[in-house]
Amino acid sequence: MGVRHSSTIVPTAAARARSLLATAWSCAVTTQTGRDELVGAHSVTEDGRLLLSPPDDSALAAALICTPRGEPSTLIEFADVAPVPMRERIRARLWLSGTLAYEGEHLLFEPTCAVLHDANGEREGIELDELALTAPDPLAEAEPRLLTHLADAHPDAVEQLTRLISPDSLHGVVRVRPLAVDMHGISLRLERARGQADVRLPFHQPVEDVTQVTDCMHALLMKARLSASWRGRPVGG
């Protein structure tokens, strides 16, 4: 699912959140008794419920003991980190507030509020029903592999993609890195001596699985080559 911004479809906040929940390896959990940095200790069920398996000596365990009803108020934070090394690699943060309770051997987190904090400083609340019903992006699991391969093995292709960007936007750019990819397109980070900007290049059609990414990338690169040829034609030619 996506939303259209300036003639370009981008993932909804719910889709970005579900993709992050599906792929993040760590999260920070804060209760009234302290803060835990959990690694490999959470999972998401098919219906979007968040399960935690913290160590026995964690602050979470103490919080459940110290809370009279056994449902401590909890804030969970996930960071969306770009797979490719670059400045300011955190693309967004997801904040979930709610309560925790035991469900079998796990802790079940019941959210009451979900907010996505964009790297640009924008905050967007997410309806909990939408978050539960939205599926992760079909490229979410493959994104790290796709972007690192593009950056390491095909830097020439990254350079070619910049031909689809307005020359004015490239003024002062010293490095271009692949920032993100999803079913609707690819985003590039334009780094300057001071500051940076992100540019999104839409695919000609939505991608349903990772096998279709190659065709969409080839279409973008062909468009870039044609754009470069057109720019190189003499006026009136």
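Residues numbered from 1 in each chain as written. Predicted model: local features only at pLDDT ≥ 70, side-chain atom pairs only at ≥ 80, totals over all residues. Heavy atoms only, no water.

Caption draft 1: Region of interest: the overall build of the protein chain. Along the backbone of the protein chain there are six helices and 13 strands. The dimensions of the protein chain, computed from C-alpha atoms along their principal axes, are 80 × 35 × 30 Å. Burial status across the protein chain gives 43% buried among its 237 residues. Sequence-distant contacts, at least 24 apart, represent 51% of the contacts inside the protein chain between residues at least 6 apart. Accessible area of the protein chain: about 13,200 Å², with a carbon and sulfur share of 53%. Distance between charge centroids for the protein chain: 12 Å, based on 23 positive and 32 negative side chains. (Helix = DSSP H or I, 4+ residues; strand = E, 2+ residues; numbered from the N terminus. Buried < 20%, exposed > 50% of the residue type's maximum accessible area, 1.4 Å probe, protein only. Contact = heavy atoms within 4.5 Å. Areas by Shrake-Rupley, 256 points an atom, 1.4 Å probe, with all protein chains shown as cover. Lys, Arg positive; Asp, Glu negative; His and termini not counted. Charge placed at Lys NZ, Arg CZ, Asp CG, Glu CD.)

Caption draft 2: Quick peek at the layout of surface pockets. Space inside the largest pocket adds up to approximately 1,200 Å³. In this structure, the largest pocket is lined by 39 residues; those nearest its centre are Pro11, Arg16, Asp80, Asp118 and Ala180. Element by element, the count of residues in the lining of the largest pocket is highest for helix H1 (residues 13-23), at six residues. By residue class, the composition of the lining of the largest pocket is 19 nonpolar, six polar and 14 charged. (1 Å grid on protein atoms, 1.4 Å probe; cavity = no way out; pocket = protein on both sides within 12 Å on 5 of 7 lines; lining within 4 Å. Points joined across faces, edges and corners; volume = space filled by probe spheres on them. Nonpolar A, V, L, I, M, F, W, Y, C, P; charged D, E, K, R; others polar.)

Caption draft 3: Spotlight on the UniProt feature "domain: DUF2470" (unreviewed entry) in the protein chain. On the UniProt side, "domain: DUF2470" (unreviewed entry) is annotated at positions that read residues 144-215 here. End C-alpha atoms of residues 144-215 are separated by 19 Å, and the span's content is 28% helix alongside 35% strand. (UniProt positions renumbered as here; feature names shortened; annotations may be inferred.)

Caption draft 4: Structural context of the nonpolar core. Ranked by internal contacts, the top residues of the largest apolar core, which has 27 residues, are Leu161, Ile186, Leu201, Phe203, Val207, Met217 and Leu220. Within the residue set of this core, elements represented by two or more residues are helix H4 (143-153), helix H5 (155-161), strand S11 (173-182), strand S12 (185-192), strand S13 (196-202) and helix H6 (213-231). Considering each element in turn, this core owes the most residues, five residues, to H6. (Core = buried A, V, L, I, M, F, W, Y, C linked by side-chain atoms within 4.5 Å.)

Caption draft 5: Fine view of H4. Within H4 the residues assigned to the buried category are Glu143, Leu147, Leu150 and Ala151. Along the axis of H4, the buried residues cluster in a sector spanning 95 degrees; they form a single face. For H4, exposure combined with an orientation more than 90 degrees from the buried face picks out Arg145 and Asp152. (Arc of directions from axis to C-beta.)

Caption draft 6: Highlighting the sheet that holds S11. Ordered in space as S11-S12-S13, the three strands form an open sheet in which the pairing is antiparallel. The outermost strands of the open sheet, each flanked by one partner alone, are S11 and S13. With strand direction ignored, the average angle separating the axes of adjacent strands in the sheet is 25 degrees. Of the strand pairs in this sheet, S12 and S13 are connected by seven bridges, and their pairing is antiparallel. Its bridge partner lying in S13, Ile186 is registered against Leu201. Contacts from H4 reach S11 and S12 within the one sheet, and its direction differs from that of S11 by about 155 degrees. (Pairing = 2+ DSSP bridges. Axes fitted to C-alpha atoms, helices over the stretch in contact; angles between N-to-C directions.)

Caption draft 7: Inspection of the side chain of His117 at higher detail. By the element assignment, His117 lies in strand S9 (residues 106-118). His117 has contacts with Ala92, Arg93, Trp95, Glu122 and Arg123, leaving out every residue within four places of it along the chain.

Caption draft 8: Fine view of the pattern of salt bridges. For the structure on display, the rule yields 10 salt bridges. Asp80 is the partner of Arg91 in a salt bridge, and the nearest nitrogen-oxygen pair spans 2.7 Å. A residue pair is termed long-range when its members are at least 10 positions apart, and Arg91 in strand S8 (residues 90-103) and Asp80 in strand S7 (residues 73-81) qualify at 11 residues. Considered together, Arg91 and Asp80 belong to a single accessibility category, that of buried residues. Arg189 is the salt-bridge partner of Asp198, the closest N and O atoms lying 2.3 Å from each other. For Asp198, a relative accessible area of 38% translates into the label partly exposed. Taken together, the shared-partner salt bridges connect Asp80, Arg91 and Glu143 into one network. (Salt bridge = Lys/Arg side-chain N within 4 Å of Asp/Glu carboxyl O.)

Caption draft 9: Highlighting the confidence of the model for the protein chain. Considering every residue of the protein chain, the mean pLDDT works out to 89; 91% of them sit at 70 or more. Counting contacts from residues 232-237, a segment whose pLDDT is below 50, to residues more than four positions away or on other chains yields zero contacts. (pLDDT = per-residue confidence, 0-100.)

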